[in-house]
Amino acid sequence: MKKFLLVIIMLFPLITLAKEQVNYEWSNNSDKKQYFISETENGYLFAEETEPGNVITYSQKGVKTSTTSVQDYIGTDGSKIAIFSGINNMYYNPGENIMINLTNKELFDCTNINEPCTRLETTVLSESELQRYAGDYYFILNQAIKNNTKVYKNYKYKNNYHIVNYSSSNQKGVEVYNSNGKLIFTKEYPEIFGIASDITENGVYVLIAEEIAEERTDFTLMKYNLNGNEEYSLDLSDKIGLEDGYYPEDITITKDGLIITINAIDSNIAAKKSYIHKYTFLHDITTKINGQGTIDVQKTSKNNETIVVKVTPTDGYVLASIKVTDKNGKSINYTNSSFVMPSSDVVVEATFVLEKTNTIKNPDTIDTILIALPFLIIGGIASTFMYKKVSWLK
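In this text, all values refer to a predicted model and were calculated from it rather than measured experimentally.

1. Here we look at helix H2 (residues 127-134)
Owing to its 3.6 residues per turn, the α-helix aligns residues three or four sequence positions apart on the same side.
Next up, step 1: By the burial criterion, the buried members of H2 are Leu-130, Tyr-133 and Ala-134. The arc that holds the buried residues of H2, viewed along the axis, is 80 degrees, so those residues lie on one side. Exposed residues pointing more than 90 degrees away from the buried face of H2 are listed as Ser-128 and Arg-132.
Next up, step 2: Gly-135 sits one or two positions beyond H2 and adopts a positive phi of about 60 degrees.

Structure, rendered in structure tokens:
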């Protein structure tokens with residue numbers, strides 16, 4: 001029993017450190033369906049399902065700052081961003097200025113940035129055409145063509161990993177592949193209503209939706225490492241639990257957290273058609289002190305925040321060194337009493353040593369001794385001579 005308790009005590013810190021803190025930040029909604037496009041320096045871009053389509057800009061705080069017609073919108077790389085119903089089933093190739101519908105393999109020409117993309121006559125692409133237009137998407141598309149039991153959607157390629165959601169007649173799940181197209185792991189979720197996912201260098205994030213009652217949908221965030229081992233699951237229903245008829249359209253990991261997009265199943269729903277939710281990841285900042293002194297720093301932070309550190313030695317001590325490391329022991333750049341928070345817990349370690357002291361603190365004392373020394377010597381000799389003279393007379 002004692003050994004069992006010891007094992008639990010030893011493992012508990014590891015479990016605690018591995019779990020990210022997911023903090024709700026803000027929500028927004030629209031009476032039109034919206035689809036996440038990308039993160040910008042100052043906020044987020046969303047596509048709005050209208051005719052011919054709008055590009056919506058949100059600030060980092062979730063405030064809508066602009067609405068631009070897609071006909072007038074040109075991407076940062078000079079490319080056209082086209083808006084289609086079910087945009088996550090579309091793959092845009094900016095080099096070719098074409099869009100491929102992943103479901104029915106239709107091809108769209110997006111060359112003219114002043115007009116909506118137009119569908120080409122070719123509706124069935126050969127494997128060589130898929131290879132040419134889709135590039136890294138090719139092997140997933142090829143699987144979808146050959147596999148009649150699964151329908152692939154919400155495909156993403158990040159950090160040399162492919163991640164794709166699929167659905168069959170009675171099953172939904174997620175598949176993760178390496179850059180060579182080799183399947184790494186599959187996660188299946190029986191009897192769920194909807195699924196969305198994203199992948200980063202820190203792991204795989206999966207959002208699943210379950211119909212709990214006729215008028216309620218619950219949402220759970222699952223986190224896996226890149227080997228497919230579950231790190232944690234988190235119920236988000238208190239913030240994004242909605243009435244029946246909504247499903248997870250997309251989950252995207254941002255530089256400091258995640259964006260969740262929830263859309264209505266169809267246009268017949270009278271309520272809002274789209275909900276956007278922003279969460280941030282909070283990571284722990286712990287301190288370690290060697291010697292005598294204090295470290296003043298905040299306890300938690302989100303990614304990419306500048307963290308200011310104040311160190312104070314105890315009287316008689318001085319700061320010898322200070323370093324910041326992430327959860328894997330990797331050094332974090334520390335300059336001007338600050339560092340930028342990584343997507344990990346960190347440790348701030350300061351070393352204080354005893355201050356070196358001089359035996360003679362006042363340098364003026366040395367000059368006084370050197371000036372008086374000759375007079376002291378002469379006075380000593382004279383005193384000795386007089387003593388001897390007086391003793392002889394006696």
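2. Observations concerning the sheet that holds strand E3 (residues 43-48)
Next up, step 1: Strands sit in the order E2-E3-E4-E5 across an open sheet of four strands; the sheet is antiparallel. A strand with exactly one partner marks an edge of an open sheet, and here the two such strands are strand E2 (34-39) and strand E5 (64-69). Averaged over all pairs of adjacent strands, the angle between strand axes in this sheet comes to 25 degrees, irrespective of strand direction.
Next up, step 2: Here five bridges tie E2 to E3, and the two strands are oriented antiparallel to one another. Each residue of the ladder has a partner; that of Tyr-35, found in E3, is Ala-47.

3. A short note on the pattern of salt bridges
Next up, step 1: Tallying each qualifying case throughout the model produces nine salt bridges.
Next up, step 2: Of the charged contacts, one joins Lys-158 and Asp-198 as a salt bridge, the two residues approaching to 2.9 Å between their closest N and O atoms. Here Asp-198 lies in strand E14 (residues 194-200) and Lys-158 lies in strand E10 (residues 151-158), a separation of 40 residues in the sequence.
Next up, step 3: Its relative accessible area of 28% is what places Lys-158 among the partly exposed residues.
Next up, step 4: When its relative accessible area of 0% is taken as the criterion, Asp-198 is described as buried.
Next up, step 5: The structure contains a network of salt bridges with shared partners spanning Lys-156, Lys-158, Asp-198 and Asp-250.

4. What to know about the confidence of the model for the protein
Next up, step 1: On average, residues of the protein carry a pLDDT of 79, and 74% of them reach 70 or more.
Next up, step 2: Predicted confidence is poor over residues 1-18, with pLDDT under 50, and the contacts of this stretch with residues over four places away or in other chains come to three contacts.

Criteria and cut-off values
Residues numbered from 1 in each chain as written. Predicted model: local features only at pLDDT ≥ 70, side-chain atom pairs only at ≥ 80, totals over all residues. Heavy atoms only, no water. Buried < 20%, exposed > 50% of the residue type's maximum accessible area, 1.4 Å probe, protein only. Helix = DSSP H or I, 4+ residues; strand = E, 2+ residues; numbered from the N terminus. Arc of directions from axis to C-beta. Pairing = 2+ DSSP bridges. Axes fitted to C-alpha atoms, helices over the stretch in contact; angles between N-to-C directions. Salt bridge = Lys/Arg side-chain N within 4 Å of Asp/Glu carboxyl O. pLDDT = per-residue confidence, 0-100. Contact = heavy atoms within 4.5 Å.

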